[in-house]
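# Observations on chain architecture
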Amino acid sequence: MSKYTEVKRVTTHVLKAMKNDGEKISMLTGYDYSMAKIIDDAGIDIILVGDSASNVMAGHETTLPITLDQMIYHASSVVRAVKRAFVVVDLPFGSYQGDPKAALRASIRIMKESGAHGVKLEGGIEIKDSIRRILTAGIPVMGHLGLTPQSIYKFGTYVVRAKEKEEAEQLEKDAKMLEEVGCFGVVLEKIPAKLAKGVAESVSIPVIGIGAGGDVDGQVLVVHDLLGITKEFQPRFLRRYLELYDDIKAAFQDYIKDVKSQDFPNRAVLVYEL
Ligand code: KIV
């Protein structure tokens, strides 16, 4: 058993120590109290209140529509459930790009109103000032490079990023910059495994991958994907641990059948309650 299993509270210092010790970091998204309680109880290291809530909780096509108020609502539900994990919250689209003061205000609202432990922002050099400003308030910041879903209309598709030399070199520079300004970690999404490995080896902060191969410091998945609830989403990097869409649907169908046939509720129970 790893010594980190005994850790009562995961902090940025614990995450750094995990990287230094070669202990892989586990991270999952969480958006609501009940699921976050199970995830935390299972022993996850980081819960990301991702703006993927826009997709999996609200049914939007992209992450762009979710608002700061909605992120705070999800984050506070998660924080109420969590005892051990480090809870990091995505700053939603429009709340940090281009205006460091607005970025700081949004981050302070998240920390104050939800009780979360840090924030995550998508982007590199172009958001450096916002990251710096947030860090001045003592708020832990996580970066996110590679496929950054808030820029989907710029990319046009969700395919692998940084396959070309120029984009790969920029990503390496951005990762270094995130380390230098003081981010506690960075997510690398959908980039070549070799590039991700190089980044993980060249920075001292934890590098968490999603579709970025196994040679990074940890992995993150969207919890609905891992559980097989988002049936239609089947990227190559995903491992499904359950097929919950089918199982939950079957349970609902059994319930509907039982109500229709009057098999539920149980008559004996009804008589007893009367
Ligand atoms: O919002 C999210 O779920 C994310 C992960 C995919 C890393 O940013």
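Structure: see above.
What this report covers is the structure whose coordinates are included nearby. (Residues numbered from 1 in each chain as written. Predicted model: local features only at pLDDT ≥ 70, side-chain atom pairs only at ≥ 80, totals over all residues. Heavy atoms only, no water.)

What follows covers the environment of Met-142. Along the chain, Met-142 turns up in strand β5 (residues 141–146). On the basis of relative accessibility, which here comes to 1%, the residue Met-142 falls in the buried class. In this structure, the C-alpha to C-alpha distance between Met-142 and Leu-238, residues 96 residues apart in sequence, is 22 Å. Met-142 has contacts with Met-27, Val-88, Val-119, Lys-120, Leu-121, Phe-184, Gly-185, Val-186, Val-187 and Ile-208, leaving out every residue within four places of it along the chain. (Helix = DSSP H or I, 4+ residues; strand = E, 2+ residues; numbered from the N terminus. Buried < 20%, exposed > 50% of the residue type's maximum accessible area, 1.4 Å probe, protein only. Contact = heavy atoms within 4.5 Å.)

Moving on: the site of the ligand. Inspection of the region around the ligand gives Thr-29, Leu-48, Gly-50, Asp-51, Ser-52, Asp-90, Lys-120, His-144, Val-187, Glu-189, Ile-210 and Val-222 as its neighbouring residues. In the environment of the ligand, an oxygen atom lies 3.1 Å from a nitrogen or oxygen atom belonging to the side chain of Asp-90. Here the ligand, which alone exposes 260 Å², has 96% of that area covered by the protein. Taken atom by atom, the bulk of the ligand overlaps the largest pocket. For the shell around the ligand, a count of residues per class yields four nonpolar, four polar and four charged. (Near = heavy atom within 4 Å. Polar contact = N/O pair within 3.5 Å; in protein donor to acceptor, adjacent residues only side chain to side chain. Areas by Shrake-Rupley, 256 points an atom, 1.4 Å probe, with all protein chains shown as cover. 1 Å grid on protein atoms, 1.4 Å probe; cavity = no way out; pocket = protein on both sides within 12 Å on 5 of 7 lines; lining within 4 Å. Sits in = over half its atoms within 2 Å of the grid points. Nonpolar A, V, L, I, M, F, W, Y, C, P; charged D, E, K, R; others polar.)

What follows concerns the layout of surface pockets. Sizing a probe to match a water molecule and rolling it over the atoms shows the empty space that remains. Within this model, the largest pocket holds a volume of roughly 670 Å³. Along its surface, the largest pocket is lined by 31 residues, and Ser-52, Asn-55, Val-222, Asp-225 and Phe-233 are the ones closest to its centre. Broken down by secondary-structure element, the contributors of at least two residues to the lining of the largest pocket are α3 (53–56), β6 (185–189) and α10 (223–226). Split into classes, the residues belonging to the lining of the largest pocket amount to 13 nonpolar, nine polar and nine charged. Volume-wise, the second largest pocket comes out at about 370 Å³. (Points joined across faces, edges and corners; volume = space filled by probe spheres on them.)

What follows covers the packing of helix α2 (residues 33–42) against helix α4 (residues 68–81). Packing of α2 against α4 brings their axes to within 8 Å, and their N-to-C directions diverge by 45°. Between α2 and α4, the angle falls in the class oblique. The interaxial crossing formed by α2 with α4 has right-handed handedness. Contact residues: Tyr-33, Ala-36, Lys-37 and Asp-40 in α2; Ser-77, Val-78, Arg-80 and Ala-81 in α4. (Axes fitted to C-alpha atoms, helices over the stretch in contact; angles between N-to-C directions. Parallel < 35°, antiparallel > 145°, perpendicular 65-115°, else oblique. Left-handed = near helix turned anticlockwise from the far one by under 90°.)

Below, the discussion takes up helix α5 (residues 100–114). In an α-helix, one turn spans 3.6 residues, which is why side chains three or four residues apart end up on the same side. Taking 1.5 Å as the rise per residue, α5 with 15 residues should run 21 Å; its terminal C-alpha atoms sit 21 Å apart, in good agreement. Where α5 is concerned, the buried positions are Ala-103, Leu-104, Ala-106, Ser-107, Ile-110 and Ser-114. One side of α5 holds all its buried residues, which, seen down the axis, span an arc of 165°. Residues Arg-105 and Lys-112 are exposed on α5 and point more than 90 degrees away from its buried face. In this structure, the buried residues of α5 make contact with α4, β3 (86–90), β4 (118–120) and α6 (128–136). Its side-chain oxygen at 3.1 Å from the backbone nitrogen of Lys-101, Asp-99 defines the N-terminal cap of α5. In the stretch just after α5, Gly-115 is the one whose phi turns positive, near 80°. (Expected span 1.5 Å × (residues − 1). Arc of directions from axis to C-beta.)

Turning our attention to unusual backbone geometry. Comment: phi is negative for the bulk of residues other than glycine, and the bulk of peptide bonds are trans. The residue after Phe-264, namely Pro-265, is reached through a cis peptide bond having omega -5°. By secondary structure assignment, the location of Pro-265 is in the loop between α11 (244–260) and α12 (267–273). We note that Ala-162 has phi near 60°; this positive angle belongs to a residue other than glycine. Examined against the element boundaries, Ala-162 turns out to sit in the loop between α7 (152–155) and α8 (165–181). Backbone geometry at Lys-190 places phi at a positive 45°, although glycine is not the residue there.

Another aspect to go through is the nonpolar core. If you look at the biggest cluster of nonpolar residues, it comprises 62 residues, and the most contacted ones within it are Leu-121 and Leu-188. When residues of this core are assigned to their parent elements, the largest contribution, seven residues, is made by α4. Dropping the residues within four chain positions of it, Leu-121 is found in contact with Leu-91, Tyr-96, Ile-127, Ser-130, Ile-131, Ile-134, Val-141, Met-142, Gly-143 and His-144. One finds Tyr-4, Val-7, Val-10 and Met-18 within the second-largest nonpolar core, a separate group that totals 18 residues. (Core = buried A, V, L, I, M, F, W, Y, C linked by side-chain atoms within 4.5 Å.)

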